[in-house]
Amino acid sequence: MIRYLLKRLFWMIPMLIGISLISFFIMHLAPGDITTTEAGFNPKASEESRQKLRELYHLDEPVIVQYGLWLERMGKLDFGASFASHQRPVFWETKDDQGNVTKGLIQEALPITLLINVLSLGLIIAIALPLGVVSSLTQNQLPDRAITLFVFIGFAIPGFWLALLLMYWTGVVHDWLPISGLHSLHYDQLGFFGKIGDSLKHLALPVFISGLSGLAGISLFVRNGMLEVLHQDYITTARAKGLGENTVVYRHALRNALLPLITLLGLAIPGLIGGSVIAESIFAIPGMGKLFYDAVLMRDFPVIMGILTIGSALTLLGNLLADLAYAWADPRVRRGVMS
Amino acid sequence: MRRDLVIKALSNPLALVGFVIILGILVVATLAPYIAPYDPNAIDVKAILLEPSALHYMGTDGLGRDVFSRMLYGARISLLVGIVAVGIATAIGVVLGALAGYYRGWIDVVIMRMVDVMLSIPTFFLILAVIAFLTPSIWNIMIVIGLTSWMGVTRLVRAEFLSLREREFVMASQTLGAKDRRLIFKHLLPNSLTPIIVSSVLGVASAVLIESGLSFLGLGVQAPQASWGNILTDGKEYIQFAWWLSLFPGLAILITVLGYNLLGEGLRDALDPRSANKNK
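Residues numbered from 1 in each chain as written. Chains lettered and ligands numbered in written order. Predicted model: local features only at pLDDT ≥ 70, side-chain atom pairs only at ≥ 80, totals over all residues. Heavy atoms only, no water.

Quick look at the overall build of chain A now. When helices and strands are counted, chain A shows 12 helices and two strands. Along the chain direction, N to C, the helices and strands of chain A fall in the order α-α-α-β-β-α-α-α-α-α-α-α-α-α. Per-residue burial for chain A yields a buried fraction of 45% across its 339 residues. (Helix = DSSP H or I, 4+ residues; strand = E, 2+ residues; numbered from the N terminus. Buried < 20%, exposed > 50% of the residue type's maximum accessible area, 1.4 Å probe, protein only.)

Okay, structure coming up:
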């Protein structure tokens, strides 16, 4: 297992280099120089801030030197400071001479996005598993047809549109749920459970919206996986030796159908992180997606580059965890990995 | 595709429904200038935020523009972006996948690592980042969506090539002295066509969703050019007063994406014997 882990960690190095190359390349896509107005750089920006940008990315050096320096800074997780007037560090907190700590932008936004993604993964599994199982057990009958219809609509519905409709329905027509932000104004006066309740109310819609397409995808995946497994010989054997239907379905079939789900959840991470842009900007949730969106609107390059890199690194980490979980859950893979 | 395959595909009810929807959108988009009752960009200050009526079938927006006319022109954008973006992605994917699957060895390793790297960057972040450094326009959107969604096709074509290469008819052709080019274009590519078509059709669906999302966020098709996504931006603005601005474009996107998905899945069921057996 350790050897497998080391091997996987080693594989991440060329991946990270690839990611750094792509993000470096994107920065140079801008016509001319990113400090020029053609690149959408604020025309009112002073010559001083332009100079700062040039210094940050060493734009006066040859390209290869620029890349080397960029790689070096990535290695140190140093993404510089935001161009916004608060000039906060992009990634992690810094201390100035007087010992004042300035929190990093990603440092504050990341936990929020992770929380939303973990909650929507939980929601996806809680709803999609039963849907997929029911669908497979009633193949081509009414429940299966209804669930399949739901899946197709779930794939096709634009998340931001559903978000608008739900905002209108629950926030404007009825006053059930708050429609933006993370906390109510009176959050600080609430007790412990009051605070949790308040946060959950604010998170309900964003979590649902970010989980929506995953919900459809995983239901379909579980259904097809179950159908495949249910036709295997060992299921016939289990039935033949007189096991109850529940034991057959849940102990023998479902557990095997779920194995590939681990990998799928790992692969879903970039979609979830990227998808947070729409949910968070609609509901004004101060997570990574909103931070990124605002940075794109303001052409805040250090923040854009920082989030792009950190988001990709997180994806790699997620895939690694998924692979490890798979090896842990499936003895066949585990043995193959060890040898 | 041969004619009997087309008939077979369209005898699948899902594929037929999808096909009819897409055909409908194609007709509407082509005929937009003739059907549209108003100039989609004509501002009318005396007709701001009117409810749907016989004069304005889908009401008017905050500048008094006719929503129905804008929806028709939006269909053109959606169709164009979806098809061009997927065209770019499929072209890149087929070339890279064919190279990797046919030549294997280090070419395969390099191409597959490129795919892995691209897949590990959250797609929507990547697209937004590129747009931040360029300027948002319909052409940039199409190119960016195309350049960030070729990985699936690459993997698919590579897998098809790897398995086809081991098949007897390919071996036989090779033994008879067929050149690389003949093997690729005469045997491998035509036999990989079905999954490529299916994945392209499904790819258009996701390109349409991405375009509408970008336009909704103000980073896609720019006003005054109408797109379903940017009509929805207005819908958000006026959500308390003008439900029609939110309802119609959203439904249009939903139906379009549903159409491509149904067509894609239906084609897969009809043309791919493996998946048809599995799901029936």
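As a further point, take empty space enclosed by the protein. Residue and element names in this part refer to chain A. Summed over the entire model, instances satisfying the criterion amount to one cavity of 30 Å³ or more. Its volume calculated, the largest cavity comes out at about 40 Å³. Elements that contribute at least two residues to the lining of the largest cavity include exactly helix 4 (105-137), helix 7 (192-230) and helix 9 (245-283). (1 Å grid on protein atoms, 1.4 Å probe; cavity = no way out; pocket = protein on both sides within 12 Å on 5 of 7 lines; lining within 4 Å. Points joined across faces, edges and corners; volume = space filled by probe spheres on them.)

Moving on, we come to the confidence of the model for chain B. Residue and element names in this part refer to chain B. The share of residues in chain B with pLDDT of 70 or more is 95%, and the mean pLDDT across the chain is 85. Model confidence for chain B, summarised as mean pLDDT per element, is weakest for helix 14 (residues 273-279) at 50 and strongest for helix 4 (residues 67-103) at 92. Counting contacts from residues 276-280, a segment whose pLDDT is below 50, to residues more than four positions away or on other chains yields eight contacts. For this predicted complex, the interface confidence comes out at an ipTM of 0.83, alongside a pTM of 0.85. (pLDDT = per-residue confidence, 0-100. Contact = heavy atoms within 4.5 Å.)

What follows concerns a nonpolar patch on the surface. Residues and elements named next belong to chain B. Judged by side-chain polarity, Leu16, Phe19, Val20, Leu23, Leu26, Val27, Leu31, Tyr34 and Ile35 come together as a nonpolar surface patch covering roughly 810 Å² of accessible area. Put simply, the parts of the chain that give the nonpolar patch at least two residues each are helix 2 (13-30) and helix 3 (32-35). Residue contributions to the nonpolar patch peak at six residues, all from helix 2. Within the secondary structure, leucine 31 sits in the loop between helix 2 and helix 3. For leucine 31, a relative accessible area of 36% translates into the label partly exposed. (Patch = residues over 30% accessible without salt bridge, like charges linked within 9 Å, V, L, I, M, F, W, Y side chains within 5 Å. Areas by Shrake-Rupley, 256 points an atom, 1.4 Å probe, with all protein chains shown as cover. Salt bridge = Lys/Arg side-chain N within 4 Å of Asp/Glu carboxyl O.)

Right, let's get into helix 6 (residues 159-173) of chain A. Its 15 residues place the ends of helix 6 of chain A 20 Å apart at the C-alpha level, agreeing with the 21 Å of an ideal helix rising 1.5 Å per residue. For helix 6 of chain A, the full list of buried residues reads Phe160, Trp161, Leu162, Ala163, Leu164, Leu166, Met167 and Thr170 of chain A. Check the buried side of helix 6 of chain A and you find it contacts helix 7 and helix 9 of chain A together with helix 11 (193-216), helix 12 (228-237) and helix 13 (243-271) of chain B. (Expected span 1.5 Å × (residues − 1).)

Turning next to the packing of aromatic side chains. All told, the structure shown has five aromatic pairs over all chains when counted by the stated rule. Each ring, one from phenylalanine 292 of chain A and one from phenylalanine 125 of chain B, has its centre 4.5 Å from the other, and the planes form 25 degrees; the classification is stacked. With phenylalanine 292 of chain A in helix 10 (residues 288-298) and phenylalanine 125 of chain B in helix 6 (residues 123-133), this pair bridges two chains. Centroid distance tryptophan 243 of chain B to tryptophan 244 of chain B: 5.6 Å. Interplanar angle 85 degrees. Geometry classified as edge-to-face. Judged by its relative accessible area of 39%, tryptophan 243 of chain B is partly exposed. In this structure an aromatic cluster arises from ring pairing among Trp243, Trp244 and Phe248 of chain B. (Phe/Tyr/Trp six-rings, centres within 6.5 Å; stacked < 30°, edge-to-face > 60°.)

Taken as a class, soluble globular proteins show a tendency for nonpolar side chains to be buried jointly. In this structure, Ile106 and Ile304 of chain A are the most contacted members of the largest nonpolar core, which totals 138 residues. It is helix 13 of chain B that contributes the most residues to this core, 14 residues altogether. Mapping this core onto the domain boundaries places at least three of its residues in each of domain 1 (2-94) and domain 2 (111-338) of chain A. Not counting the four nearest positions on each side in its chain, isoleucine 304 of chain A is found in contact with Phe292, Ala295 and Val296 of chain A together with Ala129, Ala132 and Phe133 of chain B. The next biggest cluster of nonpolar side chains, apart from the first, holds 19 residues, and it includes Leu215, Val229, Leu254 and Leu265 of chain A. (Core = buried A, V, L, I, M, F, W, Y, C linked by side-chain atoms within 4.5 Å. Domains from an automatic or database assignment.)

We now examine the side chain of asparagine 12 of chain B. Residues and elements named next belong to chain B. By the secondary structure assignment, asparagine 12 is in the loop between helix 1 (3-10) and helix 2. Residue classification places asparagine 12 among the buried residues on the basis of a relative accessible area of 10%. One polar contact links the side chain of asparagine 12 to the main-chain carbonyl oxygen of glycine 266, over a distance of 3.4 Å. Every residue in contact with asparagine 12, bar those within four places of it in the chain, is listed here: Gly266, Asp269 and Ala270. (Polar contact = N/O pair within 3.5 Å; in protein donor to acceptor, adjacent residues only side chain to side chain.)

Chain B puts 43 residues into the contact, and the matching count from chain A is 52 residues. Roughly 4,200 Å² is buried in total at the junction of chain B and chain A, and carbon and sulfur atoms are behind 80% of that figure. Our count for the chain B to chain A interface comes out at zero salt bridges. Counting the contacts that link chain B with chain A gives three residue pairs in polar contact (both at pLDDT 80 or more). Elements with a contribution of two residues or more to the side of chain B that touches chain A: helix 5 (105-120), helix 6, helix 11, helix 12, helix 13 and helix 14 of chain B. When residues in the side of chain B that touches chain A are grouped by element, the largest group, 11 residues, is from helix 13 of chain B. For the side of chain B that touches chain A, the class distribution of residues is 28 nonpolar, nine polar and six charged. (Buried area = accessible area lost by both parts, 1.4 Å probe. Nonpolar A, V, L, I, M, F, W, Y, C, P; charged D, E, K, R; others polar.)

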